[in-house]
Amino acid sequence: MRELIEYIAKALVDDPDNVVVNEVMGETTSVIELRVAKDDLGKVIGKNGRTARAMRTILSAASTKLRKRAVLEILE
Amino acid sequence: MSDSQQHEFIGKTVEEAVAEAAAKLNLAPEELHYEVLEQPGAFASLLGKRARIVVSTDNGDAPTFSANDSGFDPTATLGDIARAIMPEVEIKTQENEDELILEIVGDGSGVFIGRKGKTLEAIQFVLLRIAQKQGWQGKRLIVESEQYRERRQVRLQERAMSLADKALAERRIQTTEMLSAGERRIIHSTLRDRQGLTSRSLGNGELKRVQIIPEGAEQRRPPRDGGNRNERGRGGNRPRSGNRGPRRDQQPRAPRFED
């Protein structure tokens, strides 16, 4: 899951070297924290949050297979 | 599409890039002259690192293939995303005049489709975003799984035609449910060749309705609540109240002329 978000984020931003993704594991839910360069924030969020929403949708499809919920947080 | 004699190919491994090049250029792998531009290391595919090769073709024949100079490989990228959802998937591609259809073949559970196609929509959106970012200039990319889009398209075409029939028969504007841009496209293009009506999207935001307007009905206001019964009354009352207006103006003016 972490790799999935990292893969997508790196492909979307201007500055892939500054993409940092952490996974904070919980018992049933894990939180995926995404950090990107300031100028790239818009690229991973998208107009009206559409890109972020799409990533969350893909993430939840991926987590149904693992029977574990994953939440994406984009950190500034 | 490109006339140059050098073509870049990308694969998870050099062998894969060569195989891809051979297939696209219609040559046997042994016949290719190529140079390796980038070698991926271990775990590279998940980090977006790929093998890149540049192939020179000997003859001047420009090969026909749908990739472009950007080096973006939609099949490989979609495969990487899809495999994160389910490890055993295959991406099948199919081309027509202006679309490159990428089909995710999984276990048939619909995991790539999601409720009301939400997951499929999300995957397509992200893929298009990445393609745009990487400078993809090729055909329109369509992500498909388990014939969902095909089925949806047929349903929307039928719906467009029946609303058009109704619009023409009743000479009234018909309105669809809320549709996404791609779905609206299907409605508009289905009706492009129908005589005596036009179609128009209505509203703001990602989801909009499509109005199907028979000729002669264009001037009417779109019925916001389907309140067609009022349309005569509303139109008829306004001029009368408008006529009353000038009287007030004339009275104060009249004394001035007497002065």
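Trainee: Even after reading the chapter, I still don't get the sheet that holds strand 8 (residues 197-202) of chain B, so can you show me in this structure?
Mentor: Sheet strands pair by backbone hydrogen bonding; their relative direction is either parallel or antiparallel. Residues and elements named next belong to chain B. Across the sheet, three strands lie side by side as 7-9-8; this open sheet has antiparallel pairing. The open sheet has two free edges, formed respectively by strand 7 (174-175) and strand 8, since each of these has just one partner strand. Strands in contact with helix 4 (residues 148-170) are strand 7, strand 8 and strand 9 (209-214); relative to strand 9, the strand with the most contacts, it is inclined by about 40 degrees. Along the sheet face, helix 5 (residues 181-191) touches strand 8 and strand 9 and points at about 165 degrees away from the line of strand 8.

Trainee: Hey, could you run me through the nonpolar core in this one?
Mentor: Counting residues in hydrophobic clusters, the biggest one holds 50 residues, and the most contacted among them are Ile8(A), Leu34(A), Ile58(A), Ile104(B) and Phe112(B). The element best represented in this core is helix 3 (residues 118-133) of chain B, accounting for eight residues. Among residues more than four places away in sequence, those in contact with Ile8(A) are Met55(A), Ile58(A), Ile81(B) and Val126(B).

Trainee: Would you explain the interface of chain A and chain B in this entry?
Mentor: Accessible area lost upon the coming together of the parts serves often as the stated size of an interface. The interface is formed by 22 residues belonging to chain A together with 26 residues belonging to chain B. Contact between chain A and chain B buries roughly 2000 Å² in total, counting both sides, with carbon and sulfur atoms accounting for 70%. At the boundary of chain A with chain B, the tally comes to three salt bridges. For Lys133(B), the salt bridge is made with Asp14(A), and the minimal N-O distance between the two is 2.3 Å.

Trainee: Teacher, can you tell me more about the packing of aromatic side chains here?
Mentor: To describe a pair of aromatic rings, you give the distance between the ring centres and the angle between the ring planes. Residue and element names in this part refer to chain B. In this structure the tally under the stated criterion is one aromatic pair over all chains. On the numbers, 6.0 Å between centres and 70 degrees between planes, the contact of phenylalanine 72 with tryptophan 136 is edge-to-face. You can see phenylalanine 72 sitting in the loop between strand 3 (51-56) and helix 2 (74-85) and its partner tryptophan 136 sitting in the loop between helix 3 and strand 6 (140-144), a full 64 residues away along the chain. Overall, the relative accessible area of 6% leaves phenylalanine 72 in the buried class.

Conventions we followed
Residues numbered from 1 in each chain as written. Chains lettered and ligands numbered in written order. Predicted model: local features only at pLDDT ≥ 70, side-chain atom pairs only at ≥ 80, totals over all residues. Heavy atoms only, no water. Pairing = 2+ DSSP bridges. Helix = DSSP H or I, 4+ residues; strand = E, 2+ residues; numbered from the N terminus. Contact = heavy atoms within 4.5 Å. Axes fitted to C-alpha atoms, helices over the stretch in contact; angles between N-to-C directions. Core = buried A, V, L, I, M, F, W, Y, C linked by side-chain atoms within 4.5 Å. Buried < 20%, exposed > 50% of the residue type's maximum accessible area, 1.4 Å probe, protein only. Buried area = accessible area lost by both parts, 1.4 Å probe. Salt bridge = Lys/Arg side-chain N within 4 Å of Asp/Glu carboxyl O. Phe/Tyr/Trp six-rings, centres within 6.5 Å; stacked < 30°, edge-to-face > 60°.

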